[in-house]
Amino acid sequence: MSASGGTKAIVAALGANLAIAVAKFVAFAFSGSSSMLAEGVHSLADSGNQGLLLLGGKKAKREATPEHPFGYGRERYIYAFLVSIVLFSIGGMFAIYEGYEKIKNPHEIEAWYWPVGVLIFAIIAESISFRTAILESNALRGALSWKDFIRRAKAPELPVVLLEDFGALIGLVLALGGVGLSLATGDGIWDGIGTLCIGILLIVIALVLAAETKSLLLGEAAGTEDVEKIKGAIVDGNVVTGIIHMRTLHLGPEELLVAAKIAVEHDDTAGEVAAAINAAESRIREAVPIARVIYLEPDIYSASAAAAGTNPAKDTNTPTSPDTPTSPDTTE
């Protein structure tokens, strides 16, 4: 995900949510609809979430320091995780509480045209925001399904905005259904049921976001395609004859750490090995531009040790071939 693409989607969602939040609170003031109150709080929480994402993106751009030598790229993950907490606590729990109170003490909706009009306006505004997020995501997800895109995306902003906008649209439909049934039956309990459903929906989305951002916070490897590109870039078939083992780690959405032990011949000189490592680093950065921190350690590959299977650190993710050793020697 490019930073500009994520920012465009966030700003579009922020503008829509602020306008919708004001409209919903006005509708609540005139109608007394609990769905409108819950939806107003939901939109206000979403606006705060987009503010958190923008703040996280800004803080992540800080230069590395001696205390944080790998930079601050993971700030974006931290703020995305905070979004899930806000969505759960402020949006979901408040809506459940308000829905319970309305079911317990129902009352008719007054000035029905306010909530209905605002909900229609909100659906249109959220649809525009959702469309922007979809267009930005389509440029990055390629052939991935939406589920896989949300699960595999290393940059958290677009998945967060996509889920928020999707949840907002479903919540608006639920709110419109609750208001409509309350008006049709004259029983305000339906408004409370709609509000309760909104709360459950928000909590489910918050839990999905929390699970995905937790994985990013723990540290995820590069995607399969990038891993294969890096492997192909390391081996030159001359000095670097293979990869003994390799690990990758995202230091941030757009910064990748690559660490590998590479196989060289025992009669290669130090100068030849150093030149080969420098060339391999250049090829890696050309193949995968986000690979900005690279550590390559040369070692003498021991075919006998690999055949004996004496080293438990064998990299089972590296394909076996005569020119690509897959197991580190016993001197690691």
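Here the structure is a predicted model, which means the values were calculated and not measured. (Residues numbered from 1 in each chain as written. Predicted model: local features only at pLDDT ≥ 70, side-chain atom pairs only at ≥ 80, totals over all residues. Heavy atoms only, no water.)

### Regarding helix H4 (residues 113-141)
Between its first and last C-alpha atoms H4 spans 41 Å; for 29 residues at 1.5 Å apiece the expected length is 42 Å, and the two agree. Positive phi appears at Gly142, one or two residues downstream of H4, with a value of about 60°. (Helix = DSSP H or I, 4+ residues; strand = E, 2+ residues; numbered from the N terminus. Expected span 1.5 Å × (residues − 1).)

### Side note on the environment of Phe94
Inspection of the secondary structure assignment puts Phe94 in helix H3 (residues 75-104). Distance in space between the C-alpha atoms of Phe94 and Leu37 is 9.6 Å, their sequence separation being 57 residues. Residues within four places of Phe94 in sequence aside, it is in contact with Leu37, Ala38, Val41 and Ser89. (Contact = heavy atoms within 4.5 Å.)

### So, the pairing of strand S3 (residues 291-300)
Of the pairings in the sheet, the one linking strand S2 (residues 255-264) to S3 comprises 9 bridges and is parallel in character. Bridge pairing in S3 places Lys261 opposite Glu297. On the question of chirality, the crossover connecting S2 to the parallel S3 by way of helix H9 (residues 270-287) is right-handed. (Pairing = 2+ DSSP bridges. Right-handed = clockwise from strand over helix to strand, strands pointing away.)

### Remarks on the packing of helix H2 (residues 34-59) against helix H6 (residues 157-185)
Between H2 and H6, the shortest axis-to-axis distance is 10 Å and the interhelical angle comes to 170°. One element, H2, and the other, H6, form an angle in the roughly antiparallel class. In this structure, H2 contributes Ser35, Glu39, His42, Asp46, Asn49, Gln50 and Leu53 to the contact, and H6 contributes Glu157, Val160, Val161, Glu164, Gly167, Ala168, Gly171, Leu172, Ala175 and Val179. A per-class count over the contact of H2 with H6 returns 7 nonpolar, 6 polar and 4 charged. (Axes fitted to C-alpha atoms, helices over the stretch in contact; angles between N-to-C directions. Parallel < 35°, antiparallel > 145°, perpendicular 65-115°, else oblique. Nonpolar A, V, L, I, M, F, W, Y, C, P; charged D, E, K, R; others polar.)

### Quick look at the sheet that holds S3
In spatial order, the strands read S1-S2-S3; together these 3 strands make up an open sheet with mixed pairing. Edge positions in the sheet fall to strand S1 (242-252) and S3, since each of these pairs with one other strand and no more. Ignoring strand direction, the axes of neighbouring strands in this sheet form an average angle of 15°. Along the sheet, helix H8 (residues 224-234) makes contact with S1, S2 and S3, crossing S1 at roughly 135°.

### A look at empty space enclosed by the protein
On inspection of all chains with the given rule, the structure shows 1 cavity of 30 Å³ or more. Put simply, the largest cavity is a space of about 70 Å³. Lining the largest cavity are Ile150, Ala153, Ala155, Pro156, Pro159, Val160, Leu163, Leu209, Glu212, Thr213 and Leu216. Listing elements by their share of the lining of the largest cavity, those giving two or more residues are H6 and helix H7 (189-218). (1 Å grid on protein atoms, 1.4 Å probe; cavity = no way out; pocket = protein on both sides within 12 Å on 5 of 7 lines; lining within 4 Å. Points joined across faces, edges and corners; volume = space filled by probe spheres on them.)

### Describing the side chain of Ser182
For Ser182, the location among the structural elements is in helix H6. The class for Ser182 is buried, based on a relative accessible area of 5%. In this structure the side chain of Ser182 is engaged in a polar contact, spanning 3.0 Å, whose partner is the backbone oxygen of Gly178. Ignoring anything within four residues of it in the chain, the contact list for Ser182 reads Ile109, Asp187, Gly188, Trp190 and Asp191. (Buried < 20%, exposed > 50% of the residue type's maximum accessible area, 1.4 Å probe, protein only. Polar contact = N/O pair within 3.5 Å; in protein donor to acceptor, adjacent residues only side chain to side chain.)

### Description of the packing of aromatic side chains
Counted according to the given criterion, the structure contains 4 aromatic pairs. Considering the side-chain rings of Trp112 and Tyr113, the 6.0 Å spacing of their centres and the 70° angle between planes classify their relative orientation as edge-to-face. Between Trp146 and Phe149, the ring centres sit 6.2 Å apart and the planes meet at 85°, which makes this aromatic pair edge-to-face. Of this pair, Trp146 and Phe149 both sit in helix H5 (residues 146-152), 3 residues apart, roughly one helical turn. Directly above the ring of Tyr72 sits Arg62, whose terminal nitrogen or CZ lies 3.9 Å from the centroid. Seen from the ring of Trp146, Arg141 lies directly overhead, with NZ or CZ sitting 3.9 Å from the centre. (Phe/Tyr/Trp six-rings, centres within 6.5 Å; stacked < 30°, edge-to-face > 60°. Lys NZ or Arg CZ within 6 Å of the ring centre and 35° of its normal.)

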